[in-house]
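This is what each chain is made of:
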Amino acid sequence: MTLLVASIAGAKAAEHSGTLPWKPFAALPPQPLPGGRWYVFTPDEARMVEAIVDRLIPADDLSIGGKEAGCATFIDRQLAGSYGSSERLYTQGPFLPGLPTQGYQGAEAPVARYRAGLAALAQHVRAQFAGKAFADLAPTDQDKVLGDFDAGKVAYPAAAGFFNLLLQNTMEGFFADPIYGGNKDMAGWKLLGFPGARYDYRDYVTAHNQPFPLPPLSIAGRPEWKVGSK
Amino acid sequence: MVRKLPRKDVVIVGLGWTGAILAHELTDAGLDVVAIERGPWRDTATDFNVAYAPDELRYAIRKDLFLQPAQEAMTMRNNISQTALPMRDYGSFLPGTGVGGAGTHWNGHTWRFFPSDFVLKTHLTERYGAGRIADLTVQDWGVSYDELENSFDRFEYLAGISGKAGNLNGKIEAGGNPFEGPRSREYPLPPMQMTYAPTLFAEAARSIGLHPFPTPSANLSKAYVNPLGIAMGQCTFCGFCERFGCANYSKSSAHTTILPVLMRKSNFEARTECEVLKVDLASDGKTAKGVTYVDVTGELCEQPADIVLLNAYGLHNVRLMLLSKIGTPYDPATGTGTVGRNYAYQTNASTQVFFEGKNFNPFIAAGALGQTVDDYNGDAFDHAALDFVGGAGINCIPTNGRPIAYRPTPPGTPRWGSAWKKAAKQNYGNTLTFSSQGSSYAARGNYLDLDPTYKDRFGRPLLRVTFDFPDNDIRMSNWVSDRMQQIATTLGGKQAVVGRARKGWNSVPYQSTHNTGGAIMGTDPNTSAVNRHLQSWDVPNVFVVGASAFPQNAGKNPTGPVGALAFWAADAIRNHYLKNPGKLVQA
Ligand SMILES: Cc1cc2nc3c(=O)[nH]c(=O)nc-3n(C[C@H](O)[C@H](O)[C@H](O)COP(=O)(O)OP(=O)(O)OC[C@H]3O[C@@H](n4cnc5c(N)ncnc54)[C@H](O)[C@@H]3O)c2cc1C
Ligand code: SF4
C-alpha cells in the first residue's frame with residue numbers, strides 16, 4: 001500500500017493516560033478580522049456586492065439593509081478563511097457533472113466562484129444597460145437583474161449555482177453573530193426577535209405564548225457593555 | 001517505516017459513545033485497553049465554552065465539530081445505474097469526529113425500539129404473510145427485546161435519560177408511551193418541562209384519540225449523578241444543542257457520563273489524532289493481530305492486540321471491514337455476501353403550521369425536548385388493509401430558533417427582498433413544526449461498498465453509498481403524512497404545509513445521521529456479518545459495534561439501541577469470550 005500522508009496542521013501528537021488532558025486555550029474563541037479593508041474583493045467587486053446585498057435585504061421600516069448590516073464585509077472575511085478555499089471539503093477529482101441529488105460537483109472553491117460569478121454578472125449588466133455597473137442602476141433595474149439571475153434566465157457556466165451561494169452567504173451575514181463582521185448591532189436578530197447567544201432560558205420555559213423580554217446578546221456582549229461607551 | 005508498539009489486550013477503533021462504553025466495561029474486567037481516535041481530544045471545560053459555544057455560523061453552518069470531507073468523504077448514488085460521485089461536503093448526514101464521537105453534537109432523542117422490531121421478519125411474516133415483505137430484505141436481529149432490556153436500562157441510567165415510562169413490567173402507565181416494550185423500572189429522571197409548541201401539539205393529538213407522550217431525552221430535566229458517580233447539570237434550554245457541544249454538562253455524551261472515570265484508569269489509554277487504516281489479519285485471514293494507524297505526525301504505527309473492537313460509527317465500521325478484507329463483500333446482483341448488506345436510513349417528512357398572533361419563542365428549546373406520537377410507528381397499528389409495512393413516529397420537537405437555518409415562511413414567499421423580510425419577521429415566532437420519522441426497511445439494491453474511482457488522502461478507496469427510499473417506505477411515509485395532515489387541521493392555524501417523502505434520496509439537505517446496517521447481526525453467517533454478540537463470523541477476535549449491526553432501521557433514533565448493543569457486546573466478551581476465546585456461536 002502506498003501512503004500519501006497528510007498531517008493535520010497545528011495538531012500535536014497526543015497520548016492521554018491517568019489524567020484528564022487539559023491544554024489551555026486548546027479551543028480558541030473566534031478571532032474577528034480587523035475591519036477597514038477588503039481581504040478578497042477588489043474595490044469594484046466590493047462595490048458590486050454591497051449593492052447586491054442591499055437589494056437582497058433592502059433597508060426599510062423593518063431594519064437596516066444588507067450593506068449597512070455588513071453583509072459584504074462578512075462575505076469578504078469568510079472568503080478570506082478556510083471557507084473561501086474549500087479547505088475542509090473533498091476537492092479531489094475527477095470532476096464529473098453530477099445529479100441534483102449529488103450536490104455541488106464543480107472544481108472551483110467559493111473565492112473562484114465569486115470571481116467568475118461577479119465578472120459574468122458585471123458583463124451581463126454592461127451589455128444590457130449601456131455599459132453601466134450594477135451599483136449604478138436604479139433599484140428597480142437591480143431587482144430585475146437579480147430576479148433574472150435567481151430564475152436562471154442568465155446563464156453563466158462559470159458561475160453555476162452562484163446566485164444561491166450569494167444569497168446563502170448574504171443571509172449568513174445578516175443572521176450570524178456580529179463578531180463575523182455582519183449583523184450590525186444585531187439588526188438581523190432584532191428583526192426576527194431572536195435573543196442571540198443567550199444560554200439559559202429556564203425561567204421562561206413555561207411562560208407559554210409570552211413575549212421574551214430580554215434584548216439580544218452577541219458572543220462579544222452588547223455594545224453598551226464596552227468600557228467607555230455611553 | 002512502521003513503528004511496532006507493545007501489545008495490548010484490546011484495541012478500540014473510535015472513542016465515541018460505543019468505544020467509551022466498551023472501554024469502561026473491559027478495563028473494569030481488568031484488561032489493558034487502548035482506544036485510537038482519529039479526531040482531537042475534546043472536553044466540556046475546554047472546548048464547549050459557555051461564552052462562545054452559542055455560535056450558529058461556526059458550529060451549525062460551517063460544522064466545526066464534524067468529520068471534514070477532506071479527511072474522509074464518501075461517494076453516493078441512488079442506484080447502480082448511476083455513477084457515484086463524492087459528497088464533497090457532508091449534508092444529508094454529518095458523521096462525528098474527535099473524542100465523544102457524534103455523541104458530542106447529537107440531539108439526545110433516546111429510544112428503545114419496539115419488541116417486534118427485533119424479530120421483524122418473523123413478526124411480519126406471521127401477521128401478514130411472507131408475500132408482504134417479498135420486495136424487502138428485512139431480517140431478525142438474533143437477539144430479543146427481553147434479552148436486551150437490561151442493556152437498555154443500563155444505557156439509560158448511565159446517560160440520565162428524562163422520560164416517562166409507558167409500560168412498567170407489563171403494566172401500561174398513564175402519560176408514557178403505551179406502545180413501548182415493558183421496562184423494568186422508570187426512567188432515571190422525569191420528563192423535561194414542555195414549551196408551548198409541543199404542548200399544543202399534544203393537546204391536538206390527544207383530542208383525536210392519539211397517545212402523545214414526552215420524548216425521552218438525553219437533555220437532563222434535573223441535576224443527576226450517574227452510576228459511575230459522575231455529576232451532570234440541568235438543561236438550560238439554550239437551543240444550541242444539535243451540532244454543538246453542551247457547555248452545561250446537561251447533554252449526555254461520553255464526556256459527561258464515562259470519560260472522567262475512564263481517563264483516570266491506569267489500564268486505559270486514549271490516542272487521539274490517530275487514524276486507523278486497517279485491521280491487520282494473520283496470514284490465514286481468520287485472526288486479527290491488531291491495527292495499523294497513522295499518527296498525527298504522519299508516522300505509521302502497528303498496534304498489536306488480542307481483541308479488536310470496531311467502534312468507528314456504523315459507516316466507518318463497514319469501510320474498515322472492507323479495507324481489511326474481513327468477511328465477504330455484499331453483491332447486489334446475486335444478493336450474496338454480507339459486508340455492506342442491508343444499508344438503511346430514515347424516511348422523514350415534516351409539517352409546518354403557520355399561525356397568527358402566537359409566540360412560540362422557538363429559541364427556547366433543547367435537542368430532544370418535545371412530544372411524540374407512536375400510534376403509527378412500527379407495527380403498533382394494523383397494516384392488514386394497507387399496502388406497506390413499517391411506520392413513523394410523529395414528533396413535535398422544536399430544537400432551536402437559530403436564524404441562519406430557521407426562518408420558516410409560507411410557500412410562495414419570495415426568497416429575498418422586502419416581501420421576504422416581512423414574511424420572515426411575521427412567521428418566525430408564529431410557526432409550529434412537527435415531523436414524521438419513519439422506518440427504513442432494507443432492500444436488495446441498497447448497500448455499501450468501496451468506490452472504484454475516488455480515494456481518500458492516503459490513496460485508499462472511499463466508501464460508496466448506493467441508496468434510495470424503497471417504494472414500501474415511500475408509501476408508508478405518505479400514509480403517515482396524511483395522518484400529520486389530520487393533526488395539523490386539528491391544530492388550526494392559518495395555513496398548514498405537510499411534507500411528503502419522495503423517491504430520489506438527496507444527499508444535500510440534512511435529514512438525519514441515522515445510517516444503519518452494512519455489518520448486520522443475525523443468526524446465519526450467509527446473511528449477517530456478525531453474530532448475535534456482534535462478533536465477526538469470519539474473524540472471531542473482532543467485534544463490530546454500532547448501528548452497522550441493525551438489520552433495518554425503525555422509525556426512531558438509533559442511539560438507544562446502539563448503547564444497549566455496546567453493553568450487550570461487552571457482556572459477551574466479559575462473560576463468555578474471555579473464558580473461552582473463539583467463536584461464541586457455531587454456525
Ligand atoms: C447531528 C447529529 C444528531 C444526532 N441526533 C441523534 C439523536 O437525537 N438521537 C439518536 O439516537 N442519535 C442521534 N444521532 C446519532 C448518534 O450520534 C450516533 O448514533 C452515535 O453517536 C453513534 O455512536 P458510535 O459510538 O457508533 O459512533 P460515534 O459516536 O460517531 O463514534 C465513532 C468514533 O470513531 C472515530 N473513528 C472513525 N473512524 C476512525 C478511524 N479510522 N480511526 C480512528 N477513529 C475513527 C470517529 O472519529 C468517532 O469519534 C445524531 C448524530 C448526529 C451527527
Ligand atoms: S439545550 Fe440543554 S442539553 Fe442541549 S446544549 Fe443547551 S443546555 Fe445542553
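For clarity, every value in this text was computed on a predicted model and none was experimentally measured.

Conventions adopted
- Residues numbered from 1 in each chain as written.
- Chains lettered and ligands numbered in written order.
- Predicted model: local features only at pLDDT ≥ 70, side-chain atom pairs only at ≥ 80, totals over all residues.
- Heavy atoms only, no water.
- Salt bridge = Lys/Arg side-chain N within 4 Å of Asp/Glu carboxyl O.
- Helix = DSSP H or I, 4+ residues; strand = E, 2+ residues; numbered from the N terminus.
- Buried < 20%, exposed > 50% of the residue type's maximum accessible area, 1.4 Å probe, protein only.
- Pairing = 2+ DSSP bridges.
- Near = heavy atom within 4 Å.
- Nonpolar A, V, L, I, M, F, W, Y, C, P; charged D, E, K, R; others polar.
- Phe/Tyr/Trp six-rings, centres within 6.5 Å; stacked < 30°, edge-to-face > 60°.
- Lys NZ or Arg CZ within 6 Å of the ring centre and 35° of its normal.
- Polar contact = N/O pair within 3.5 Å; in protein donor to acceptor, adjacent residues only side chain to side chain.
- Areas by Shrake-Rupley, 256 points an atom, 1.4 Å probe, with all protein chains shown as cover.
- UniProt positions renumbered as here; feature names shortened; annotations may be inferred.
- Contact = heavy atoms within 4.5 Å.

J.: What exactly am I supposed to notice about the pattern of salt bridges here?
T.: Residue and element names in this part refer to chain B. As enumerated under the stated definition, the model contains 49 salt bridges over all chains in all. Across the pair arginine 127 and aspartate 382 runs a salt bridge, and its minimum N-O distance is 3.6 Å. Residue arginine 127 is found in helix 5 (residues 120-128), and its partner aspartate 382 is found in the loop between strand 17 (371-373) and strand 18 (392-396); the two are separated by 255 residues along the sequence. Of the charged contacts in the structure, one is a salt bridge between aspartate 482 and arginine 500, with a shortest N-O distance of 2.7 Å. Taken together, the positions of aspartate 482 in helix 12 (residues 471-491) and arginine 500 in the loop between strand 22 (495-498) and strand 23 (516-518) put the pair 18 residues apart, joining distant regions of the chain. Judged by relative accessible area, arginine 500 falls into the partly exposed class, the value being 36%. Ionic contacts of the salt-bridge type, sharing partners, join the residues Arg38, Glu72, Glu275, Arg319, Asp456, Arg457 and Arg460 into one network.

J.: I'm lost on the pairing of strand 13 (residues 288-294) of chain B in this one. Help?
T.: Side-chain positions along a regular strand alternate between the two faces of the sheet. All names here are of chain B. Within strand 13, six of the seven residues are buried, which leaves it mostly tucked inside the rest of the structure. The pairing of strand 12 (residues 275-281) with strand 13 spans six bridges and is antiparallel. Within strand 13, the position partnered with aspartate 280 by the bridge is glycine 290. The pairing of strand 13 with strand 14 (residues 300-310) spans five bridges and is antiparallel. Bridge pairing in strand 14 links threonine 292 to glutamate 302.

J.: Is there a simple way to explain the site of ligand 2 in this structure?
T.: Neighbouring ligand 2 are 13 residues; B:Cys235, B:Cys238, B:Phe240, B:Cys241 and B:Cys246 lie closest to it. When its residues are assigned to classes, the shell around ligand 2 shows seven nonpolar, five polar and one charged.

J.: What exactly am I supposed to notice about unusual backbone geometry here?
T.: The general pattern is negative phi for most residues beyond glycine and trans for most peptide bonds. Going from A:Gly93 to A:Pro94, the amide bond is cis rather than trans, its omega being 0°. By the element assignment, A:Pro94 lies in the loop between helix 3 (71-80) and helix 4 (110-128). A positive phi is found at A:Ser86, a non-glycine position, where the angle reads about 55°. Here A:Ser86 shows up in the loop between helix 3 and helix 4. In this structure, B:Asn342 is a non-glycine residue whose phi angle is positive, near 55°. Following the sequence through the fold, B:Asn342 ends up in strand 15 (residues 341-344). On the basis of relative accessible area, B:Asn342 is assigned to the buried category, the value being 2%.

J.: Please explain the packing of aromatic side chains as it appears in this structure.
T.: Residues and elements named next belong to chain B. Inspection of the entire model under this criterion finds 48 aromatic pairs over all chains. Between tyrosine 345 and tryptophan 505 the ring centres are 5.9 Å apart and the planes differ by 65°, which places this aromatic pair in the edge-to-face class. Pair noted here: tyrosine 345 is in the loop between strand 15 and strand 16 (347-354) and tryptophan 505 is in the loop between strand 22 and strand 23, with a separation of 160 residues, a long-range link. We note arginine 132 situated over the ring of tyrosine 128; from NZ or CZ to the ring centre the distance is 5.1 Å. Over the ring of tryptophan 111 we find lysine 556; its NZ or CZ atom is 3.7 Å from the centre of that ring.

J.: Just to check I follow, could you spell out the site of ligand 1 for this structure?
T.: Residue and element names in this part refer to chain B. Inspection of the region around ligand 1 gives 35 residues, with Thr18, Glu37, His109, Val276 and Thr559 positioned closest. Between ligand 1 and the protein, one listed contact pairs an oxygen atom with a backbone N or O atom of glycine 98 at 3.0 Å. Contact distances for ligand 1 include 3.3 Å between an oxygen atom and a backbone N or O atom of glycine 103. Taking 990 Å² as the accessible area of ligand 1 by itself, protein coverage stands at 99%. The set of elements that each furnish at least two residues to the shell around ligand 1 consists of helix 1 (17-28) and strand 12.

J.: I tried to follow the UniProt feature "domain: Glucose-methanol-choline oxidoreductase N-terminal" (unreviewed entry) in chain B on my own but got confused; where do I start?
T.: In this numbering, the UniProt entry assigns the feature "domain: Glucose-methanol-choline oxidoreductase N-terminal" (unreviewed entry) to residues 233-343 of chain B. End C-alpha to end C-alpha, residues 233-343 of chain B measures 37 Å, and it is 17% helix and 30% strand.

J.: Mind showing me how you'd approach the environment of A:Gly106 here?
T.: By secondary structure assignment, the location of A:Gly106 is in the loop between helix 3 and helix 4. The partly exposed category is assigned to A:Gly106, whose relative accessible area is 23%. Remark: the alpha-carbon pair of A:Gly106 and A:Gly93, spanning 13 residues in sequence, is separated by 9.6 Å. Those residues in contact with A:Gly106 that lie beyond four places of it in its chain are A:Phe95 and B:Arg88.

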